[in-house]
Amino acid sequence: MASLLERYWTSAVNLGPLEAGSYVWRRAALKVSPPDTAFALRSRYAVAPLWCRPNSSDLDVFDQIFRYREYRCLDTVRDARFIIDCGANAGFSSAYLLNRFPDASVVAVEPDPDNFAALQRNLIPYGSRVTPLHSGVWSSECGLVMSETPFGDGREWSRTVRPARDGETPLMRATDVGTLLRRSGHQRISVLKVDIEGSEAEMFREGHHDWLDRVDNIVIELHGPECERVFNDAIAGEGFTVSRCDELTVCQRLD
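The text that follows walks through the structure, step by step, so that each part is easy to find. (Residues numbered from 1 in each chain as written. Predicted model: local features only at pLDDT ≥ 70, side-chain atom pairs only at ≥ 80, totals over all residues. Heavy atoms only, no water.)

**Examining the pattern of salt bridges**
Then comes step 1: Throughout the structure, instances matching the rule amount to 17 salt bridges.
Then comes step 2: Of the charged contacts in the structure, one is a salt bridge between Glu148 and Arg162, with a shortest N-O distance of 3.2 Å. Placement of the pair is Glu148 in the loop between strand 7 (143-146) and strand 8 (161-163) and Arg162 in strand 8, with a sequence separation of 14 residues.
Then comes step 3: The salt bridge involving Glu168 is made with Arg162; its shortest N-O contact spans 2.9 Å.
Then comes step 4: Given a relative accessible area of 28%, Glu168 falls into the partly exposed group.
Then comes step 5: If you follow the salt bridges from partner to partner, you end up with Glu202, Arg205, Glu226, Arg229 and Asp233 in one network. (Salt bridge = Lys/Arg side-chain N within 4 Å of Asp/Glu carboxyl O. Helix = DSSP H or I, 4+ residues; strand = E, 2+ residues; numbered from the N terminus. Buried < 20%, exposed > 50% of the residue type's maximum accessible area, 1.4 Å probe, protein only.)

This is the structure in C-alpha cells:
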C-alpha cells in the first residue's frame, strides 16, 4: 500500500515562480494540474517550493502566509534561534519562519496524520534545521485522538484533538511546551507560534508557569472568548507588549 507521502506527491505539478492568490494563478492551476493531483507553488519568501494538496485548505493557508504575510508582525525580531510551531498544518508556517530566520531551528508540531505527511514533504529542504513532530500540544503529556466533532469549516486547517477516553487507544502522545524546550537544548524560545483550533485554552490553563517566562515572542490565534480569557490570564504580569495583527494576538518582550 502506498504511504501517505507517496499518495500525495508522486505526480505533482510545479507551476514555477507564481504567487498564490491571483486570478491568473488560479486559472493556471486549474489548466496545468489535474483535479486530483498535488501542485507546487513558489514564493519570494521561501527558497523551496511548497506543495498543495488538491481540494484542500492548503491554498488558503498559502495565501495567508505567503501572499498576505500574516506573520509580518515578526519583522522586528532580529535574532531568532529556536522556534516552536504549534499547529504546523502542512508546514507552510514553519517554512516561512525558517526562511525569515535563517539561523533558527524549528520544532513543527502537527497532530493530524494527513497534514503531518504534507508537512514532512514541505519541510524536507530544510534538513536538520526542522524537527517534525506528530503530536498535539497540551498542558501535559497524555494520550490524544483526533476529535470527531467538526471545528470551524471542518477542512484540513481546522483539525482538533481531544484526550483519549478510558479504553480508547490513543493515536499519539501529547506534548507540552516545557518538554519541547528542555529537549531542544535551548535556554529560550525565540518565537512560539500557536494555531491549534481551540486547544490553546488547555495549553495555557496550567503548567505554563514552567516555561512562559522563557518565551520572547508569541503569535497566537485565539478561538473564542474562553480561549482569550485563559490566555490573557496566563500572560498577565509576564511583561509582554500585546498587539493585534489580522487574526493574530502578538506578544513581544521589547528590549
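**Structural notes on the pairing of strand 4 (residues 82-86)**
Then comes step 1: When you tally the buried positions in strand 4, you get five out of five residues, the bulk of the element.
Then comes step 2: Burial along strand 4 is two-sided: Phe82, Ile84 and Cys86 facing one way and Ile83 and Asp85 facing the other are all buried.
Then comes step 3: As judged from the five bridges shared by strand 4 and strand 5 (residues 105-110), these two strands associate in the parallel manner. Looking at strand 5, one finds that Ile83 is bridged to Val106.
Then comes step 4: With four bridges connecting them, strand 4 and strand 10 (residues 191-194) associate as parallel partners. Residue pairing across strands places Asp85 opposite Lys193, the latter belonging to strand 10. (Pairing = 2+ DSSP bridges.)

**Let's talk about the environment of Thr76**
Then comes step 1: Within the fold, Thr76 resides in the loop between helix 3 (58-67) and strand 4.
Then comes step 2: Classification of Thr76 by relative accessible area gives exposed; the value is 53%.
Then comes step 3: Taking the C-alpha atoms as reference, Thr76 lies 9.9 Å from Leu254; in sequence the two are 178 residues apart.
Then comes step 4: Separated by 3.5 Å, the side chains of Thr76 and Gln252 make a polar contact. (Polar contact = N/O pair within 3.5 Å; in protein donor to acceptor, adjacent residues only side chain to side chain.)

**Remarks on the side chain of Asp112**
Then comes step 1: Relative to the elements of secondary structure, Asp112 occurs in the loop between strand 5 and helix 5 (113-123).
Then comes step 2: On the accessibility criterion, Asp112 (9% relative accessible area) is buried.
Then comes step 3: At 2.9 Å, the side chain of Asp112 and the backbone nitrogen of Asn115 are in polar contact.
Then comes step 4: If near-sequence neighbours (up to four positions away) are discounted, Asp112 is found in contact with His134, Met146 and Arg159. (Contact = heavy atoms within 4.5 Å.)

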